[in-house]
Amino acid sequence: MNNAHLAQKFHEKNLNYSKIAFEKGNLLPHRFVFVLTNLCNLRCSFCFQERKKNPNRMFKEDWLDVISDIPKNSRITLTGGEPLAFKGFNEIFVKANKNNYTNVITNGTLLNNDFFNLFLNENNFKVLSISIDTIGNVNRDFKPQQWSKLIEDLKLFKKKIIETKRDIAINIKTVITDENINELFELNKIVTEEIKADTHDLMLLKGAEIQHADYLFNYEDAFKEYEAYEYKNFDKLINQLNLIREKNLKLNTKAFLHPNIIPLNSNEQIKLDKYRFLNEKKHNPKNYKTCLSPWTSVHINVDGNVFPCMAFSIGNVKEQKIKEIFFSKYSESFKNEIKKCGTLPGCNRCGWLKTS
């Protein structure tokens, strides 16, 4: 049983909504990302979050109030930090699934049978995403026993999904670094053949720290120039992606690169010269389509501050309603700038970019 189509359908629904929302201009977003906590039980070297206890953080009751305020049939993403460590996660998860669709992004260390039963009990829960970057997840400070447990836990959850005939996809997210480039294909084989995950997302390092951060920037920072990390082994990355692409075609497995610009499920050979621009330090808006993400998705930070994709506040859910926030001065100004320019310097190597 492969539920890759479910994850893709989940993504395409959001994409289709963004086109409608962009044209109409008066719709509330479809996707709400709940950053339940910025605290985490791991110490990943590349992590952009502060990982400090926020004195203005939201509690369970605050998040439950937010759920009551968002439109029905929305998509709610529960993330962190480590969301499963948040006190009150279960109650938030149940209420979020009552009238909406959900997905969870976790490092997987806290997964257990109780969480699996919780997930299986909610029909609107669609995707469980787990962060795995290397074999053994050593760059995420995993101990050998944690790695072994994670693999067995995911295999068990996959078995439960099949037994209960549930429409839940298991997704693995991998951040690409120079350190793990040479093992991406081998990692992909573990993801698809041992874990039997439905999809595998390979994510380039973002090119601007303002993107999806848990600490706030100024609105003006969206227009600053940023330098993306320049991969030293980009040619080797292309080779690894071709190996994954060939395996996808042969075994009908699904993997995707973010930004989703290089097709990994295509018959076309991936050429270095064609995609070399993805490794440039500076953002060139001529390479990309107008981004539709600000019309379809918002993040609600641990302290209640709301931001579109770049982490500047457009309002706070502890003081305002979602509708008031989404059509606020800064929110409308940002969307107008995106309409005018297509993308901004702060969009540098964002995972939502599309080629023109």
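Residues numbered from 1 in each chain as written. Predicted model: local features only at pLDDT ≥ 70, side-chain atom pairs only at ≥ 80, totals over all residues. Heavy atoms only, no water.

Participant: Break down the sheet that holds strand β5 (residues 169-175) for me, with residues and values.
Facilitator: Taken in spatial order, the 10 strands make up an open sheet running β7-β6-β5-β4-β3-β2-β1-β8-β9-β10, and their pairing is mixed. The open sheet is flanked by β7 (255-258) and β10 (315-316), the only strands paired with a single partner. Two elements, strand β1 (residues 31-35) and strand β2 (residues 75-79), share 5 bridges in a ladder whose sense is parallel. Paired with Phe32 across the bridge in β2 is Ile76. (Pairing = 2+ DSSP bridges. Helix = DSSP H or I, 4+ residues; strand = E, 2+ residues; numbered from the N terminus.)

Participant: Any chance you could break down the pattern of salt bridges for me, citing the residues and the numbers?
Facilitator: Counted according to the given criterion, the structure contains 14 salt bridges. Close ionic contact of Lys149 with Asp153 constitutes a salt bridge, the shortest N to O distance being 2.6 Å. Separated by 4 residues within a single helix, Lys149 and Asp153 lie in helix α5 (residues 144-164), roughly one turn from each other. For Lys149, a relative accessible area of 39% puts it in the partly exposed group. (Salt bridge = Lys/Arg side-chain N within 4 Å of Asp/Glu carboxyl O. Buried < 20%, exposed > 50% of the residue type's maximum accessible area, 1.4 Å probe, protein only.)

Participant: I'd like a rundown of the nonpolar core, residues and numbers included.
Facilitator: In this structure, Phe34, Phe89, Phe119, Leu278 and Ile300 are the most contacted members of the largest nonpolar core, which totals 99 residues. By residue number, the principal contributor to this core is α5, which donates 6 residues. Sequence-distant contacts of Phe34, that is, excluding residues within four places in its chain, are made with Trp63, Val66, Ile67, Ile76, Thr77, Leu78, Thr79 and Ile300. (Core = buried A, V, L, I, M, F, W, Y, C linked by side-chain atoms within 4.5 Å. Contact = heavy atoms within 4.5 Å.)

Participant: Can you tell me about unusual backbone geometry, naming the residues and giving the values?
Facilitator: Put simply, Gly80 and Gly81 share a cis peptide bond, and its omega is 20°. Mapped onto the elements of the fold, Gly81 is located in the loop between β2 and α3 (89-99). Cis geometry is found at the peptide bond from His258 to Pro259, where omega equals 5°. Structurally, Pro259 is set in the loop between β7 and α8 (272-275).

By themselves, these are just geometric observations and shouldn't be taken as functional.
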